[in-house]
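Examination of the molecular architecture
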Amino acid sequence: MKEKPIKVGISIGDYNGVGLEIILKTFEDHQILELCTPIIFASNKLVSFQRKHFNITTNFQGIDSVDAALDGKLNVLNCWREAPTVSFGEETVEAGHYALLSLQAATKALKEGAIDVLVTAPINKNNIQSDDFHFPGHTDYLAEALGGTSLMFMISEDLKVGLITDHVPLKDVVSHITHERICQKIRLMNHSLIQDFRLQRPKIAVLAINPHCGDKGVIGNEDDTLLRPALKQLYLDEGILVFGPFAADSFFGSRTYANYDAVLAPYHDQGLVAFKTLAFGAGVNYTAGLSKVRTSPDHGTAYEIAGKGIADAQSFRQAIYEAIDIFRNRQEYAEITKNPLPLRSKEAEK
């Protein structure tokens, strides 16, 4: 029996960036429409303008409700009627306003179950700020909207990197790292690896907060007072296969990460510089820990190339595929854990 296509909601991000370009380029390949029913939360006028500007052949179907979405078609849900001004490469208040309208409509549909997953194009974290959006990015916004605890999880085929703290100024990082937060993020990562990526006994590596793990207190004692006790507790008391802390400066260059299923970094650049060096363009930003699935490409608005027609859609395309795979894996996990007896029987037979 053929699986029902997954409804993929897509928010457009900042339309002065590369968002709509990579969205339209992704669906030039009609084979992807066999896997999902995509719904762009925007307007016919805006999508038509960008389609014409980039001379992209992707056809779409305008709809006025999610229920009207057609399988096998790229659907555009009209969230507004006016035609906003497009100024490629510029940060404008107007673009931030429409980015938020798109995100709000898509998030509402996700919460209500009208769409199965959400894939977000890049926003500008400055011009989207308003009374309704006062967050450092998508991750925190969705955590509040969906009522969950989130983990920023960058994923690729060969490397997965999560963060203890994400969009936090470097000077404030240590004050945000507590025993409770460390344990929370490791538990979220472990559960995500099991539920979302089908790993039975995942191995997690944790990077040190300080250079050289603090060199026994010479360069800071947080690794000894914060990280080590938390890792020991989770390993001994909860059976989570978590190891470290590892000195971050040599961890990636030595390919030590290849011995683990995922890596947890204390702060943003410590994990993401390595990830984007090793996997940029093929990586995906996944918000783990929530009741719904959300992914996005591993890059930003890319104003410097916006409007030129040279943006690479690979990461956005991969974000679609990952959202579909994670959704399917969650369905399978829910079925297996609902009645574990058949699973134990199958393991016994093996």
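Keep in mind that what you see is a predicted model, and the values were worked out from it rather than measured.

1. Here we look at helix H6 (residues 179–195)
Between its first and last C-alpha atoms H6 spans 24 Å; for 17 residues at 1.5 Å apiece the expected length is 24 Å, and the two agree. For H6, every residue scored as buried is listed here: Ile182, Cys183, Lys185, Ile186, Leu188, Met189, Asn190, Ser192, Leu193 and Gln195.

2. Structural notes on the pattern of salt bridges
Enumeration according to the criterion identifies nine salt bridges in this entry. With a closest N to O distance of 2.7 Å, arginine 187 and glutamate 238 form a salt bridge. Of this pair, arginine 187 sits in helix H6 while glutamate 238 sits in helix H7 (residues 222–238); the two residues are 51 residues apart in sequence, bridging distant segments of the chain.

3. Re the nonpolar core
One broad trend across soluble globular proteins is that nonpolar side chains are buried collectively. Membership of the largest hydrophobic core comes to 69 residues, with the highest contact counts inside it found for Val8, Phe27, Phe153, Ile186 and Ile320. It is helix H10 (residues 314–338) that contributes the most residues to this core, seven residues altogether. With residues up to four places along the chain from it excluded, the contact list for valine 8 reads Cys36, Thr37, Pro38, Ile39, Val117, Val119, Ile320 and Ile324. By size, the runner-up hydrophobic cluster in this structure holds 23 residues, among which are Ile39, Tyr141, Leu142 and Leu146.

4. Notes on the sheet that holds strand E5 (residues 117–120)
An order of E3-E4-E2-E1-E5-E12-E11-E6-E7-E10-E8-E9 is seen for the 12 strands of this open sheet, with the pairing classed as mixed. Both outer strands of the open sheet, strand E3 (61–63) and strand E9 (241–246), are each paired with one neighbouring strand and no more. Strand after strand, the sheet turns through a mean of 25° between neighbouring axes, direction not considered. With four bridges connecting them, strand E2 (residues 36–42) and strand E4 (residues 75–78) associate as parallel partners. Bridging from a neighbouring strand, isoleucine 40 pairs with valine 76 of E4.

5. Section: the packing of H6 against H7
For the pair H6 and H7, interaxial distance at closest approach is 9 Å and the crossing angle is 45°. In this view, H6 runs oblique relative to H7, as classed from their interaxial angle. Judged by the sense of rotation from one axis to the other, the crossing of H6 with H7 is right-handed. Every residue of H7 that contacts H6 at His179, Ile182, Cys183, Ile186 and Arg187 is listed here: Leu226, Leu227, Pro229, Ala230, Leu231, Gln233, Leu234 and Glu238. Its residues placed into classes, the contact of H6 with H7 shows nine nonpolar, two polar and two charged.

6. Here we look at the environment of aspartate 67
By secondary structure assignment, the location of aspartate 67 is in the loop between E3 and E4. Each C-alpha atom of the pair aspartate 67 and isoleucine 115 lies 9.4 Å from the other, and the pair is 48 residues apart in sequence.

7. Structural notes on the packing of aromatic side chains
Counting across every chain of the model gives 15 aromatic pairs. Between phenylalanine 243 and tyrosine 260, the aromatic rings sit 5.9 Å apart at their centres with planes inclined by 50°, giving tilted as the arrangement. With phenylalanine 243 in strand E9 and tyrosine 260 in the loop between helix H8 (248–251) and strand E10 (262–265), this residue pair connects regions lying 17 residues apart in the sequence. The class of tyrosine 260 is buried, set by a relative accessible area of 18%. Above the plane of the ring of phenylalanine 197 lies lysine 160, whose end atom (NZ or CZ) is 5.0 Å from the centre. The lysine or arginine in question, lysine 203, covers the ring of phenylalanine 243, its NZ or CZ lying 5.9 Å from the ring centre.

8. Focus: the pairing of E5
Neither face of E5 is left uncovered, since the one carrying Val117 and Val119 and the one carrying Leu118 and Thr120 both have all their residues buried. Strand direction decides the pairing type here: strand E1 (residues 6–11) and E5, joined by four bridges, are parallel. Its bridge partner being in E5, serine 11 is matched across the sheet by threonine 120. Note that E5 and strand E12 (residues 293–297) share three bridges and pair parallel. Among the inter-strand pairings, valine 117 is bridged to a residue of E12, identified as valine 293.

9. A few points about helix H1 (residues 19–26)
Of all eight residues in H1, eight are buried, a share of seventy percent or more. Buried residues along H1 sit in contact with E1, E2, helix H2 (44–53), E12 and H10.

10. Looking at the environment of serine 291
Summarising the element assignment, serine 291 is placed in the loop between strand E11 (284–288) and E12. Taking relative accessible area as the criterion, serine 291 reaches 56% and is therefore assigned exposed. With 128 residues separating them in the primary sequence, serine 291 and leucine 163 have C-alpha atoms 19 Å apart. Sequence-distant contacts of serine 291, that is, excluding residues within four places in its chain, are made with Leu146 and Arg330.

11. Considerations on the packing of H6 against H10
Two elements in contact, H6 and H10, have axes whose closest approach is 9 Å; the angle formed by their N-to-C orientations is 90°. Regarding the angle of H6 to H10, the classification is roughly perpendicular. Here His191, Ile194 and Gln195 of H6 lie close against H10, whose contacting residues are Asn329, Arg330 and Tyr333. Looking at the contact of H6 with H10, its residues break down into two nonpolar, three polar and one charged.

Conventions adopted
- Residues numbered from 1 in each chain as written.
- Predicted model: local features only at pLDDT ≥ 70, side-chain atom pairs only at ≥ 80, totals over all residues.
- Heavy atoms only, no water.
- Helix = DSSP H or I, 4+ residues; strand = E, 2+ residues; numbered from the N terminus.
- Expected span 1.5 Å × (residues − 1).
- Buried < 20%, exposed > 50% of the residue type's maximum accessible area, 1.4 Å probe, protein only.
- Salt bridge = Lys/Arg side-chain N within 4 Å of Asp/Glu carboxyl O.
- Core = buried A, V, L, I, M, F, W, Y, C linked by side-chain atoms within 4.5 Å.
- Contact = heavy atoms within 4.5 Å.
- Pairing = 2+ DSSP bridges.
- Axes fitted to C-alpha atoms, helices over the stretch in contact; angles between N-to-C directions.
- Parallel < 35°, antiparallel > 145°, perpendicular 65-115°, else oblique.
- Left-handed = near helix turned anticlockwise from the far one by under 90°.
- Nonpolar A, V, L, I, M, F, W, Y, C, P; charged D, E, K, R; others polar.
- Phe/Tyr/Trp six-rings, centres within 6.5 Å; stacked < 30°, edge-to-face > 60°.
- Lys NZ or Arg CZ within 6 Å of the ring centre and 35° of its normal.

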